[in-house]
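Per-entry structural report
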Amino acid sequence: MQLKTGDQAPAFALKDAAGKTVRLSDYRGRKLLVYFYPKADTPGCTIQACSVRDAAADLAKAGIEAVGISPDPPDAQAKFDRKFNLGFRLLSDPDHAAAEAWGAWGEKAMYGKKYMGIIRSAFLVDGTGRIAGAWYKVKPEDTVPNALAAANG
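Remember, predicted model here, so these are calculated numbers, not experimental data.

Cut-offs applied
Residues numbered from 1 in each chain as written. Predicted model: local features only at pLDDT ≥ 70, side-chain atom pairs only at ≥ 80, totals over all residues. Heavy atoms only, no water. Core = buried A, V, L, I, M, F, W, Y, C linked by side-chain atoms within 4.5 Å. Buried < 20%, exposed > 50% of the residue type's maximum accessible area, 1.4 Å probe, protein only. Helix = DSSP H or I, 4+ residues; strand = E, 2+ residues; numbered from the N terminus. Phe/Tyr/Trp six-rings, centres within 6.5 Å; stacked < 30°, edge-to-face > 60°. Polar contact = N/O pair within 3.5 Å; in protein donor to acceptor, adjacent residues only side chain to side chain. Contact = heavy atoms within 4.5 Å. Pairing = 2+ DSSP bridges. Axes fitted to C-alpha atoms, helices over the stretch in contact; angles between N-to-C directions.

Section: the nonpolar core
With 25 residues, the main nonpolar core has Tyr35, Val52, Phe80, Leu86 and Phe88 as its most contacted residues. Put simply, the parts of the chain that give this core at least two residues each are strand 3 (31-36), helix 1 (43-54), strand 4 (64-70), helix 3 (74-84), strand 8 (121-125) and helix 5 (143-152). Residue contributions to this core peak at 4 residues, all from helix 1. Among the nonpolar cores identified, the runner-up in size contains 22 residues, and Leu3, Phe12, Val22 and Val67 belong to it.

Here it is, written out as structure tokens:
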């Protein structure tokens, strides 16, 4: 099931790269860009994460914090963060329960082979915990512009 504008954002409690539990409720009263990506340190995921890093000032000006979520374990998230000096939280969803709740887990196909995996998705959550924007199958470079447009729209 895909989320749409106005829906309540599904709660999560996931470990960050340092092993600390991060909850959606930690961001109550603030806007949050939540994006799901397939695998740390792969080309598309690197483009997406670096675009969030590079837009930190614009996101902050719009009052938006960001978290990236993938099935990678916390140590892989930490290595990805260090390698690219990302500077925002990366969260581990190893059983993809959060991805499923957000509609970011589903059937994919590569070279004619079907498999289940992360559907690259991004969401802007408003200060009340509601979805202010949802983008499924988002292009890595469109994550930040979409969030900024929704925040300012």
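Some remarks on the packing of aromatic side chains
Under the definition given, this model contains 9 aromatic pairs. Measuring from centroid to centroid gives 6.2 Å for Phe12 and Trp102, while their planes differ by 45°, and the two rings are tilted. In this pair, Phe12 is assigned in the segment before strand 1 (13-16) and Trp102 in the loop between helix 4 (97-101) and strand 6 (105-110), connecting sequence segments 90 residues apart. Owing to a relative accessible area of 0%, Trp102 belongs among the buried residues under this scheme.

Considerations on the side chain of Asp16
Structurally, Asp16 can be placed in strand 1. From its side chain, Asp16 meets the backbone nitrogen of Ala18 in a polar contact 2.9 Å long. Within the structure, Asp16 has its side chain in polar contact with the side chain of Arg89 (distance 3.1 Å). Aside from chain neighbours lying at most four places away, what touches Asp16 is Val22, Pro74, Arg89, Leu90 and Leu91.

Points about the sheet that holds strand 8
Pairing between the strands of a sheet comes from backbone hydrogen bonds, and it takes one of two forms, parallel or antiparallel. The strand order 2-1-5-4-3-8-9 describes an open sheet built from 7 strands, whose pairing is mixed. Among the strands making up the open sheet, the edge pair consists of strand 2 (21-23) and strand 9 (131-136). Across this sheet, the average inter-strand angle for adjacent strands is 30°, counted without regard to direction. Pairing geometry for strand 4 and strand 5 (residues 89-92), over 4 bridges, is parallel.

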